[in-house]
Amino acid sequence: MRQFLLARLAQAGIVALVVGALCFALMRVLPGDAAMRIAAGRYGPDARIAEAADKVRLELGLDRPWPVQFLDWLASLVQFDLGHSLVTGAPVVDELKVQLGASVWLAAAAILLSLLIGPTIGIFCGLKPNGWTDRLGLAGSVILRSLPPFVLGLILMLVFAIWLGWLPPAGFGTWRDLALPALTLALGLAAASSRVTRDAIATVAKAPYFVFARHKGLPEAAVVRRHGLRNAAIPVVSYLGLQAIYLVEGVVVVESIFAYPGIGHALVHAIVERDIPMVQGTALAMGLIFVAVTASVEAASAWLDPRLRRTQ
């Protein structure tokens, strides 16, 4: 366990360095003057915007060489200081606390819904492979997986918010505001996890211990619960770890579509406003979330499969 934790801490440090360097470089090569955009965001576009941009450039040190700015950012990062937003002036950490909390709720709701939808469908398909339920499950999985998150989100918004009027198209504060963005992410995850569960259950159902449990006369539900779920859960949990990148990418798109005030929504606005510390902070937080999710999946897989614990 100590080696596992040290390896994940080293991975988190590498992610922080790479993400910070890439964000810093990409923001610098964007067309336009960052100082002009920041000044316009602070003071509004007027005839004196050029003078305001000069003041912003001196105030924020944007006139210094890029390597010096990057080294200053690294020195602050070592001290767990992500700096201040160039637009609002608030500490990046304080803004991330609010935005990250909203995104964690969204991601948790999406994962919970996907686990309720995908594996449940996969179990029914796996117990009767090549049947009509399996064929319907395959068709639904292919359709949902082929749709990008922004297309799926717009379809759900059109159906449930505009046509039926059951849920709000955007907002934050109640479970009704969380339902559509969480369902958008959950359906994409469930589309893949259902097929992984189907294959795992179909394989387990052919195992001697599963067949013997059936021959003993145990009810089908008891056989699946005692002898099938844990063995079938191992590949499902591992696959969800691989799909963590889908969740991280989807959060950026889905939060923007539904105006959900999470970290993805903040990242888009920070890029538009050329708010470099906010871009670096939000991207860094998303990278570390990915490391944390994959580490959690590995730990869960080791708990489900004792063979993995012996190899670590």
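Residues numbered from 1 in each chain as written. Predicted model: local features only at pLDDT ≥ 70, side-chain atom pairs only at ≥ 80, totals over all residues. Heavy atoms only, no water.

Moving on to the overall build of the protein chain. The helix and strand inventory of the protein chain stands at 14 helices and zero strands. Reading the helices (α) and strands (β) of the protein chain from amino to carboxyl end gives α-α-α-α-α-α-α-α-α-α-α-α-α-α. Every one of the 312 residues in the protein chain was classed for burial, and the buried ones make up 43%. Counted over contacts in the protein chain with a minimum sequence separation of 6, partners at least 24 positions apart contribute 70%. (Helix = DSSP H or I, 4+ residues; strand = E, 2+ residues; numbered from the N terminus. Buried < 20%, exposed > 50% of the residue type's maximum accessible area, 1.4 Å probe, protein only. Contact = heavy atoms within 4.5 Å.)

Any two side chains of opposite charge can pair, given that their charged atoms come close. Counted under the stated rule, the structure contains three salt bridges. Salt-bridge contacts for Asp-199 lead to Arg-198; the nearest nitrogen and oxygen are separated by 2.9 Å. For Asp-199, a relative accessible area of 41% gives the class partly exposed. Each of Asp-134, Arg-195, Arg-198 and Asp-199 takes part in salt bridges that share partners, so that together they form one network. (Salt bridge = Lys/Arg side-chain N within 4 Å of Asp/Glu carboxyl O.)

This paragraph deals with a nonpolar patch on the surface. A surface patch of nonpolar side chains, amounting to about 710 Å² of accessible area, comprises Ile-14, Leu-17, Val-18, Leu-22, Leu-26, Val-29 and Trp-66. Per-element tally for the nonpolar patch: the top contributor is helix α1 (residues 2-29), with six residues. (Patch = residues over 30% accessible without salt bridge, like charges linked within 9 Å, V, L, I, M, F, W, Y side chains within 5 Å. Areas by Shrake-Rupley, 256 points an atom, 1.4 Å probe, with all protein chains shown as cover.)

Our next topic: the side chain of Gln-280. Secondary-structure assignment places Gln-280 in helix α13 (residues 276-304). When neighbours within four sequence positions are excluded, Gln-280 is seen to be in contact with Gly-20, Cys-23, Phe-24 and Trp-73.

With their axes 8 Å apart at the nearest point, helix α6 (residues 132-146) and helix α8 (residues 175-205) run at an angle of 145 degrees to one another. Crossing of α6 against α8: the hand is left-handed. Every residue of α8 that contacts α6 at Asp-134, Gly-137, Leu-138, Ser-141, Leu-144 and Arg-145 is listed here: Leu-187, Gly-188, Ala-191, Ala-192, Ser-194, Arg-195 and Arg-198. In terms of residue class, the contact of α6 with α8 is made up of five nonpolar, four polar and four charged. (Axes fitted to C-alpha atoms, helices over the stretch in contact; angles between N-to-C directions. Left-handed = near helix turned anticlockwise from the far one by under 90°. Nonpolar A, V, L, I, M, F, W, Y, C, P; charged D, E, K, R; others polar.)

Attention now goes to helix α7 (residues 149-163). Here α7 contains 15 residues, and its C-alpha end-to-end distance of 20 Å stays within 8% of the 21 Å for a straight helix at 1.5 Å per residue. The largest bend in α7 comes to about 25 degrees, at Met-157. Among all positions of α7, only Pro-149, Leu-152, Gly-153, Leu-156, Met-157 and Ala-161 are buried. (Expected span 1.5 Å × (residues − 1). Bend = angle between axes of the 7 residues up to and from the residue.)

A separate point is the packing of aromatic side chains. Within this structure, the stated rule accounts for one aromatic pair. A ring pair is formed by Phe-160 and Trp-166, whose centres lie 6.1 Å apart and whose planes are at 45 degrees; its orientation type is tilted. Take Trp-166: its relative accessible area is 54%, and that puts it in the exposed class. (Phe/Tyr/Trp six-rings, centres within 6.5 Å; stacked < 30°, edge-to-face > 60°.)

Glancing now at the packing of helix α5 (residues 92-127) against helix α12 (residues 263-272). At a minimum axis distance of 7 Å, the contact between α5 and α12 shows a crossing angle of 130 degrees. As far as their axial angle goes, α12 and α5 are oblique. The residues of α12 that touch α5, namely those facing Leu-96, Gln-99, Leu-100 and Ser-103, are Ile-263, Gly-264 and Ala-266. Taken together, the residues of the contact of α5 with α12 sort by class into four nonpolar, three polar and no charged. (Parallel < 35°, antiparallel > 145°, perpendicular 65-115°, else oblique.)

On the secondary structure map, Gly-122 appears in helix α5. Residues Gly-122 and Asp-199 lie 77 residues apart in sequence; the distance between their C-alpha atoms is 7.9 Å. Beyond its immediate sequence surroundings of up to four residues, Gly-122 is in contact with Ser-194, Thr-197 and Arg-198.

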